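One letter stands for each residue in the lines below.
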Amino acid sequence: MSGDPYTLRMPRGRTGASWQLPEGADSAAVLPCVVLVGRAGLPEFTVLQRGLRTLGVPSVRVDAGSLAGLGVTARLDDGAPTLDGRRIRPTVTWVRHFSPRAIPGANGSPASVFRADSWYALVRQLSARSAVRLPAGADPGRLVQLDDAARLGVRTPRTIVTTDPGAAVAELPGGRVVVKALDQHFVEAEPGTLHGVFPEIVEAAEAGRLDRRDAPMIVQEYVEHVAELRVYYLDGEIQSFRVGKPSPEAIWCDPESVTVTSAATPEAVAGAVHRLAGHWGLRYGAFDFLLTADGPVFLEVNPDGDWRWFETKAGVDDVTIAALSMVRALHRQSAGQSPPPIDLAGFLALGTARAGRDGGREGGSQEARPALDARVLGPLEVRVDGAIAHISARKARLLAAILLSHPNHVVPTGHLLDALWGDRPPPTARKNLQVYVSMLRRRIGDRISHQGWGYRLDAAAGELDLLRFRQLAGAGREMRRRGAADAASELLDDAIRLWRGRPLEEFTGVALLDDVVARLTELHLTINEDWAELELDRGGHVEVLNRLDELVPFFPARERLVAARMRALAGCGRAPEALAQFETVRRHLAADLGIDPSPVLKEVYEDILQGAGPRRPAAGGRW
């Protein structure tokens, strides 16, 4: 196949099972438990198990390399196997990348093969007895995947399976073909050592160099496309990434050359994924699609597909959050636990059952909160105890931005669901929202409460720049009304300095935030105008000009702001520029709004034109 030989060596991992249990778990009781079976060195289950513990979900992880020290007893009459001396009742069993070839000690002898096959059989058969098995449906293989997809109306590449790829090229359209393995892209010749067998793109003119093979291969038409999508399906929820790579093997052999960005899922792709996952009975799968001018083309689905590498590249945690939500919900259903009436996940995230202030929680003493310094007057930034709190999942960041932008007010759950998922929320949306809330509580402390119909984030002015901004702006304007010009100017200046750019620009288009940003922007402009007029009265023309030079170009029709800049220009001896500024505004108002400048702005213009020196507009002047 393509490229130089590539070998991946997997770590062996720790001996025995790895447990993550809530504090105080009774070691003698039969424990409803999530079981994760996989490979050491793959981060998905490591992150998932840590998150489940945070959410109060017991879990045990068994890696292929850890079986040597594992003690197991399973009785057919009670469905509660014993692992390392602890009896469990598997609620969810998720098996990934587990095969007899992965089990250490296999050397080809009958005894070693028997041992590996026996462990594999135990895992397979116990997972079948679990209340829920993931990824659920069996992998039908690439040929059946492609055939089923075509029967369900999903476009696929023309495909031939052959031992003579050179001859097959002539039967396929286009100038290029893709030659790839019929089964997996890795071969595990010995436990823990994987050899890559990657797809190869071949020009049709070079088909003569494709020798006959001693194993069947897939030969497909090369589909010209504008983008490649990796799409994750998690029990109804879909997360997509746009992938750019110079060659099929680049993800493994040259990862720095690969670009991955979180992407919206086209409706045609989402529909195809739902149909295919439903047809195969999958609760989880990693789908690969090509986007073409004629619609999406399905390539394959991998029920064991990794997701953390793609998340890390894209700088998000959305698939991990969806996986946590899925497993937690399935565990609760299997364990017969009803959903918590008031977001129990959030309490578990804090490892506490203490009472909240407004959410009807009972018992326990109030723990000290970590110090919060949250900023929304610019890019979202959250610091806890002086350190940046990294919130990488976009939906978690959006939720934080919404709650921080509505401090000390309840935001209805329905509004949050609309903001996070739009018109097509997945069936698990409410459960996923609880997971995002839990994540935020874990980052910023117990400041978020559920109040029956929504969520509320409590914050003080010293913890959130938005509240300080409003407080300072209100105090400054009140001081000006009372005639305390110096105090007013200082307070307004302090408020203005909190502004770090357009608030929450990364979330432009989210209606719940756009309304808040519009109101904040209006207040920001108003206090800039208030401050500028106070400073001009005190002769601070240079200071006013420096600040308004950054604002006026973005708000050319805001006459009060323009008037202040004109007065500042004239005060700095730049009257011609002030007059030119008026002409610019006059033309803008006439062209865009069909109106003339206000009488107050005309008065400022006339004063400068006549050389009388700019006057402060009369208190009764209207803009």
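As the structure is a computational prediction, the values presented were derived from the model and not from experiment.

Undergrad: Report on the side chain of Arg39, specifying residues and quantitative values.
TA: Note on placement: Arg39 falls in the loop between strand E3 (31-38) and helix H1 (43-54). Taking relative accessible area as the criterion, Arg39 reaches 9% and is therefore assigned buried. Residue contacts for Arg39: discarding those within four places in its chain leaves Met10, Arg61, Asp63, Ala64, Arg96, His97, Ala102, Glu188, Gly192 and Leu194.

Undergrad: Can you tell me about helix H3 (residues 142-151), naming the residues and giving the values?
TA: Every buried residue of H3 is accounted for by Arg142, Gln145, Leu146, Asp148 and Ala149. Projected down its long axis, H3 shows its buried positions confined to an angular sector of 165°, all on one face. Looking at the buried residues of H3, the elements they touch are strand E9 (159-162), strand E10 (176-181), strand E14 (217-221), helix H6 (267-280) and strand E19 (295-302). Residue Gly153 follows H3 closely and has a positive phi angle near 85°.

Undergrad: Give me the lowdown on helix H18 (residues 575-592), citing residues and values where you can.
TA: Residues lying three or four places apart along an α-helix face the same way, a consequence of the helix completing one turn every 3.6 residues. Between its first and last C-alpha, H18 extends 26 Å over 18 residues, near the 26 Å set by a 1.5 Å rise per residue. Here H18 has its buried residues at Ala578, Leu579, Gln581, Phe582, Val585 and Leu589. Buried residues of H18 fall within an arc of 150° about the axis and therefore sit on the same side. Of the exposed residues in H18, the ones pointing more than 90 degrees away from its buried face are Pro576 and Ala591. Immediately beyond the C-terminal end of H18, within one or two residues, lies Gly594, with a positive phi of roughly 70°.

Undergrad: Lay out the pattern of salt bridges with the relevant residues and their values.
TA: Applying the stated rule across the entire model yields 41 salt bridges. Between Arg574 and Glu577 there is a salt bridge whose closest N-O contact spans 2.8 Å. Within this structure, Arg477, Arg480, Glu522, Glu529, Asp530, Glu533, Arg558 and Arg560 form a network of salt bridges that share partners.

Undergrad: Now, about the sheet that holds strand E17 (residues 259-263): what can you tell me, with residues and values included?
TA: Sheet architecture is open: five strands sit in the order E17-E16-E15-E18-E19, paired in antiparallel fashion. Looking at which strands have only one partner, the edges of the open sheet turn out to be E17 and E19. Looking at each pair of strands side by side, their axes are set apart by 30° on average, direction ignored. Alignment of strand E15 (residues 227-234) against strand E18 (residues 284-292), held across eight bridges, turns out to be antiparallel. Within the sheet, the bridge partner assigned to Leu229 lies in E18 and is Phe289. Contacts from helix H8 (residues 318-334) reach E15, strand E16 (237-244) and E17 within the one sheet, and its direction differs from that of E15 by about 20°.

Undergrad: Give me the lowdown on the pairing of strand E7 (residues 86-95), citing residues and values where you can.
TA: Counting buried residues along E7, eight of its 10 residues qualify, which places the element largely inside the surrounding structure. As judged from the seven bridges shared by E3 and E7, these two strands associate in the parallel manner. Counted as the bridge partner of Pro32 is Arg89 from E7. Bridge count between strand E6 (residues 82-83) and E7: two bridges; the pairing is antiparallel. Each residue of the ladder has a partner; that of Leu83, found in E7, is Arg86. Connecting E6 to the antiparallel partner E7 that follows it, the hairpin turn spans two residues, and Asp84 within it adopts a positive phi of roughly 50°. Summarising the sheet, E7 and strand E8 (residues 132-134) pair through three bridges and their orientation is parallel. Within the sheet, the bridge partner assigned to Trp94 lies in E8 and is Leu134.

Undergrad: Explain unusual backbone geometry to me, and be specific about the residues and the numbers.
TA: Comment: phi is negative for the bulk of residues other than glycine, and the bulk of peptide bonds are trans. Residue Pro135 is bonded to the preceding Leu134 through a cis peptide linkage, with omega at 10°. Secondary-structure assignment places Pro135 in the loop between E8 and H3. Even without glycine at this site, His97 takes up a positive phi of about 50°. Within the element layout of this structure, His97 appears in the loop between E7 and helix H2 (110-129).

Here is what the cut-offs are and how they apply
- Residues numbered from 1 in each chain as written.
- Predicted model: local features only at pLDDT ≥ 70, side-chain atom pairs only at ≥ 80, totals over all residues.
- Heavy atoms only, no water.
- Helix = DSSP H or I, 4+ residues; strand = E, 2+ residues; numbered from the N terminus.
- Buried < 20%, exposed > 50% of the residue type's maximum accessible area, 1.4 Å probe, protein only.
- Contact = heavy atoms within 4.5 Å.
- Arc of directions from axis to C-beta.
- Expected span 1.5 Å × (residues − 1).
- Salt bridge = Lys/Arg side-chain N within 4 Å of Asp/Glu carboxyl O.
- Pairing = 2+ DSSP bridges.
- Axes fitted to C-alpha atoms, helices over the stretch in contact; angles between N-to-C directions.

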